[in-house]
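# Commentary on secondary and tertiary structure
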There are 2 protein chains.
Amino acid sequence: MTNRPPAEIGMPLEKVDTPALLVDLDALERNLRCMADAVAGTGLKLRPHAKTHKSPVIGLLQMAHGAVGVCCQKVSEAEAMVLGGVPDVYVSNEIVGAPKLARLAALARQARVATCVDDPVHVRGLSEAAQAFGVELRVLVEIDVGANRCGVAPGAPAAALARQVAEAPGLRFGGLQAYQGASQHLRGHAERREAIQAAVAKVLETKEALERAGIPCECVTGAGTGTFTFERDSGVYNELQAGSYIFMDSDYGKNLDADGQPVRTFEHSLFVYATVMSRPTPERVILDAGLKALSVDSGMPVVDGMPDVVYARASDEHGRLELSDPKRPLALGDKLRLIPGHCDPTVNMYDWYVGVRNGRVEALWPITARGALL
Amino acid sequence: MTNRPPAEIGMPLEKVDTPALLVDLDALERNLRCMADAVAGTGLKLRPHAKTHKSPVIGLLQMAHGAVGVCCQKVSEAEAMVLGGVPDVYVSNEIVGAPKLARLAALARQARVATCVDDPVHVRGLSEAAQAFGVELRVLVEIDVGANRCGVAPGAPAAALARQVAEAPGLRFGGLQAYQGASQHLRGHAERREAIQAAVAKVLETKEALERAGIPCECVTGAGTGTFTFERDSGVYNELQAGSYIFMDSDYGKNLDADGQPVRTFEHSLFVYATVMSRPTPERVILDAGLKALSVDSGMPVVDGMPDVVYARASDEHGRLELSDPKRPLALGDKLRLIPGHCDPTVNMYDWYVGVRNGRVEALWPITARGALL
């Protein structure tokens, strides 16, 4: 059962029921254009990660701004994107298990579909599924460029796995998946640059091994919002996967640029709209948005436009604000905007985006891939 | 759009797709009986909190084991319970805003409905809504018994608010909401006992103030899984709201009893079923269940039955296991059970419970109030 939307088109913002997930449509569009400008003229492809927004509506907006398609992390996300009109999906993740493999291969009859591997088990599974559905799947080899998550070791081991992909019936070797996830939220500019320099060295080592083996490498894909300018300018990557730029987590707002100033390339465009439900003391305000309305894995949300008000604690259905000024007017029924610490798992709790422009609801977009775990 | 279930009835457990939310039906039933036994003969009412399970199926099982109804935190949860057949719901939370108030009052035409207040604004809103729908709402006064969240101050301020409730058209004063949420996860038995002793003192102070004011107090309701035996034996509480007992968070498993041993009154009955999707090194195993499959606000999940394996880090769609024994057999495609650190926000990410008994899928229960934020 999908939950009812918390708003109607045309409603003034103040009437939107809470908790609700707001998108500032002007800010979203500025982020779309800003990323398009950042990639324009470089010859690189942009394939933003749809795990952030889980919405084919936003995926298609990204394509209208130059993206070649989207990345996904789950087959069910890819299905939601294709069914919503996105014609080119890349599951930038390893897929295990017959049901998921069959669904991926079936999807390749409706859209351009790719995925990645880091083990011969993945290669065999994909090859069998591709043959069963009579499709050819583009398959990249994931290398571990420093994130210590998935990925085969760079160099010869990666080339050996690429050989297996190239020789497997139904598969085509599509290049290297080289995402350095652990570097995205390093605060210092130099730290992030060095992490990506190290990743680039591992990609180069692998490209050389592929060349020695006579295996062409058409694509090196990776990069996130925290580092994409380094990958872009590396001369090695030719596809960028940054996704969070569309919304901007409050945590990303803590990254610093080369001058030691907070990076402000993109704007916060995603907010959780919340209502004051109790003010038991002048210093304590309770909101109706807690752990089921906001993911706190990367820290508490920030109260938009109220630097003196701290969201101090989240329980399941409550958020506790601490006010340094006990006379600050915040009354029961007042509504305010929270900037989530981490957008992706926050989005995953909602069924609807409420798109707002000029203080009025302009769009209700279903979050089609919400809860798409399989 | 509701996501497809990850299983079919009759399927062996090993075939269930992942990530999936498993319920061990035998353990669930033992927990139901254990709580019924703990309350039997005391004269207290049991009104378990449905915010834990968000499923009227489980709410009705609780009623079959003696519960008088359920608690909810949101009006939309209460709606899901009533539409699923639960005839008695108490929203143990303050409700603000005309749309929610109208929905609560409308619901009172279909079921027994109650809620609580800590401010005259709530009283006015409920009274207007009750009159508009021609219903009488049972309204409790929430007092702050030490949780520092919602709640009016105990004693005279609470009695003054109770007077307003009693005099408001369409409302009936129903008693005191006195939940000490901050005490539930205190590790030591003595700490929890003292916290509830302090809460009981605040309830008694308030009951005396009500008595002086000539306002009868028919109900004192509160208690969670961590402390309910103290409230039960207090002589003051007459309704218990414990909810987590049905599943048991791994965090609750760290509470100690009077002998300094982990409390083992209830069993873990809820698990996230996950698949090994990558094993890049002998010491590192990657699962397909991360921040969108598990809430980590109360710590990482525990790997069931594998004390030597540590779930060390969650990213959005990955969980990283660290193995102290690099020879431990855990191969791609193997599936294992994780005990969530915090069940309530974990359940809120799923659409289906997969009920398992004797290694076979016996039930698929929709999580009807998943994402019920309004």
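All names here are of chain A. Judged by pairing direction, the sheet is parallel, and its 8 strands sit side by side in the order β2-β9-β8-β7-β6-β5-β4-β3 without closing on themselves. Strands at the two margins of the open sheet, each flanked by one partner only, are β2 (45-46) and β3 (70-72). By the bridge criterion, 4 bridges tie strand β4 (residues 88-91) to strand β5 (residues 112-117) in an arrangement that is parallel. Along β5, the bridge assignment pairs V89 with V113. Strands in contact with helix α4 (residues 98-107) are β4, β5 and β6 (137-142); relative to β5, the strand with the most contacts, it is inclined by about 145°.

Listed by partner, the interface residues are 64 residues for chain B and 63 residues for chain A. When chain B packs against chain A, the two sides together hide about 5300 Å² of surface, and 51% of this comes from carbon and sulfur. If you sort the residues of chain B by the area they bury against chain A, B:R149, B:K292 and B:L373 come out on top, with a joint share of 13%. Between the two partners, chain B and chain A, sit 14 salt bridges. Close ionic contact of B:R370 with A:D351 constitutes a salt bridge, the shortest N to O distance being 3.1 Å. Remark: the boundary between chain B and chain A carries 41 residue pairs in polar contact (both at pLDDT 80 or more). The biggest single contributor to the side of chain B that touches chain A is strand β10 (residues 270-281) of chain B, with 5 residues. For the side of chain B that touches chain A, a count of residues per class yields 23 nonpolar, 17 polar and 24 charged.

Our focus in this paragraph is the relation of the copies chain B and chain A. When chain B is fitted onto chain A, the two copies agree to an RMSD of 0.0 Å after a turn of 180° and an axial shift of 0.0 Å. Both chain copies can therefore be described as sitting about a two-fold axis. Most of the interface of chain B is mirrored in chain A: 98% of its interface residues are interface residues there too.

Here we take up the side chain of A:S76. Residue and element names in this part refer to chain A. Tracing the backbone through its elements, the reader meets S76 in helix α3 (residues 75-83). The buried category is assigned to S76, whose relative accessible area is 9%. Setting aside residues no more than four positions away along its own chain, S76 makes contact with R103, A372, L373 and L374.

So, on to the pairing of strand β1 (residues 20-24) of chain A. Sheet faces and side chains relate simply in a regular strand, where the side chains alternate between the two faces. All names here are of chain A. In terms of burial, β1 is a largely internal element, 4 of the 5 residues being buried. Of the pairings in the sheet, the one linking β1 to strand β10 (residues 270-281) comprises 4 bridges and is antiparallel in character. Across the sheet, residue V23 finds its bridge partner in β10, namely L270. For β1 and strand β16 (residues 352-357), the ladder comprises 4 bridges, and the chain directions are parallel. Directly across from D24, in β16, lies its bridge partner V356.

Let us look at the pattern of salt bridges. With the rule as written, the count across this model stands at 56 salt bridges over all chains. For A:E167, the salt bridge identified is with A:R163, shortest N-O distance 3.9 Å. One end of the pair, A:E167, and the other, A:R163, are both in helix α6 (residues 156-167), 4 residues apart, so they sit about a helical turn from each other. Beyond isolated ion pairs, a larger network of salt bridges with shared partners links A:R4, A:D17, A:D288, B:E79, B:K100 and B:R103.

Residue and element names in this part refer to chain A. Counted according to the given criterion, the structure contains 6 aromatic pairs over all chains. With 5.7 Å between their ring centres and 50° between their planes, F247 and Y353 make a pair best called tilted. In this pair, F247 sits in the loop between β9 (239-240) and β10 while Y353 sits in strand β16, placing the two residues 106 residues apart along the sequence. We classify F247 as buried; its relative accessible area is 0%. Grouped by ring-pair contacts, the aromatic residues F228, Y245 and F266 constitute a single cluster.

With that out of the way, let us pick up the packing of α4(A) against helix α5 (residues 120-133) of chain A. Residue and element names in this part refer to chain A. Packing of α4 against α5 brings their axes to within 8 Å, and their N-to-C directions diverge by 50°. With respect to α5, the element α4 is oriented oblique. The two elements α4 and α5 cross, and the hand of that crossing is right-handed. Where α4 abuts α5, its residues L101, A102, L104, A105 and A106 lie against G125, L126, A129, A130 and F133. Grouping the amino acids of the contact of α4 with α5 by side-chain chemistry returns 9 nonpolar, 1 polar and no charged.

Residue and element names in this part refer to chain B. Inspection of the secondary structure assignment puts V68 in the loop between α2 (56-64) and β3 (70-72). The exposure class of V68 is partly exposed, given its relative accessible area of 24%. Separated by 22 residues in sequence, V68 and L46 place their C-alpha atoms 6.1 Å apart.

Residue and element names in this part refer to chain B. The element helix α3 (residues 75-83) is largely enclosed, with a buried count of 8 among its 9 residues. Within the span of α3, buried status applies to V75, S76, E77, A78, E79, A80, M81 and V82. Structurally, α3 contributes buried residues whose contacts are with α2, β3, β4 (88-91) and α4 (98-107). Backbone geometry just after α3 places G85 at a positive phi near 105°.

The strands making up a sheet associate through hydrogen bonds between their backbones, and the pairing can be parallel or antiparallel. Residue and element names in this part refer to chain B. Strands sit in the order β2-β9-β8-β7-β6-β5-β4-β3 across an open sheet of 8 strands; the sheet is parallel. In this open sheet, the two strands that pair with only one neighbour each are β2 (45-46) and β3. Relative to strand β9 (residues 239-240), strand β8 (residues 220-222) is paired through 2 bridges, and the arrangement is parallel. Each bridged residue has a counterpart across the sheet, and for T221 the counterpart in β9 is E239. On top of the sheet, α4 reaches β4, β5 (112-117) and β6 (137-142); it is set at about 145° to β5, its chief contact.

With that settled, the discussion passes to empty space enclosed by the protein. One pass over the structure, following the stated rule, counts 6 cavities of 30 Å³ or more. Considering only enclosed or pocket space, the largest cavity measures out at about 130 Å³ in volume. By volume, the second largest cavity amounts to about 100 Å³. Looking at the second largest cavity, the residues that line it are A:Q73, A:K74, A:V75, A:N93, A:E94, A:I95, A:V96, A:K100, B:M277 and B:D288. When grouped by side-chain class, the residues that make up the lining of the second largest cavity number 4 nonpolar, 2 polar and 4 charged.

So, on to the confidence of the model for chain A. Here chain A shows a mean pLDDT of 97. Residues at 70 or above account for 100%. We note a pTM of 0.97 for the whole complex and an ipTM of 0.96 for its interfaces.

Let us now look at unusual backbone geometry. A cis amide bond links A:T18 to the next residue, A:P19, at an omega of -5°. In this structure, A:P19 sits in the segment before β1. Of note in this structure, B:K54 is not a glycine but carries a positive phi near 55°. Inspection of the secondary structure puts B:K54 in the loop between β2 and α2.

Bringing the pairing of strand β17 (residues 360-366) of chain A into the picture now. All names here are of chain A. Direction of pairing for β16 relative to β17: antiparallel, over a ladder of 6 bridges. Directly across from V354, in β17, lies its bridge partner L364. If you look at the hairpin formed by β16 and β17, you'll find 2 residues sitting between the two strands, and N358 has a positive phi there, around 50°.

Analysis parameters
- Residues numbered from 1 in each chain as written.
- Chains lettered and ligands numbered in written order.
- Predicted model: local features only at pLDDT ≥ 70, side-chain atom pairs only at ≥ 80, totals over all residues.
- Heavy atoms only, no water.
- Pairing = 2+ DSSP bridges.
- Helix = DSSP H or I, 4+ residues; strand = E, 2+ residues; numbered from the N terminus.
- Contact = heavy atoms within 4.5 Å.
- Axes fitted to C-alpha atoms, helices over the stretch in contact; angles between N-to-C directions.
- Buried area = accessible area lost by both parts, 1.4 Å probe.
- Salt bridge = Lys/Arg side-chain N within 4 Å of Asp/Glu carboxyl O.
- Polar contact = N/O pair within 3.5 Å; in protein donor to acceptor, adjacent residues only side chain to side chain.
- Nonpolar A, V, L, I, M, F, W, Y, C, P; charged D, E, K, R; others polar.
- Least-squares fit on C-alpha atoms with pLDDT ≥ 70 in both.
- Buried < 20%, exposed > 50% of the residue type's maximum accessible area, 1.4 Å probe, protein only.
- Phe/Tyr/Trp six-rings, centres within 6.5 Å; stacked < 30°, edge-to-face > 60°.
- Parallel < 35°, antiparallel > 145°, perpendicular 65-115°, else oblique.
- Left-handed = near helix turned anticlockwise from the far one by under 90°.
- 1 Å grid on protein atoms, 1.4 Å probe; cavity = no way out; pocket = protein on both sides within 12 Å on 5 of 7 lines; lining within 4 Å.
- Points joined across faces, edges and corners; volume = space filled by probe spheres on them.
- pLDDT = per-residue confidence, 0-100.

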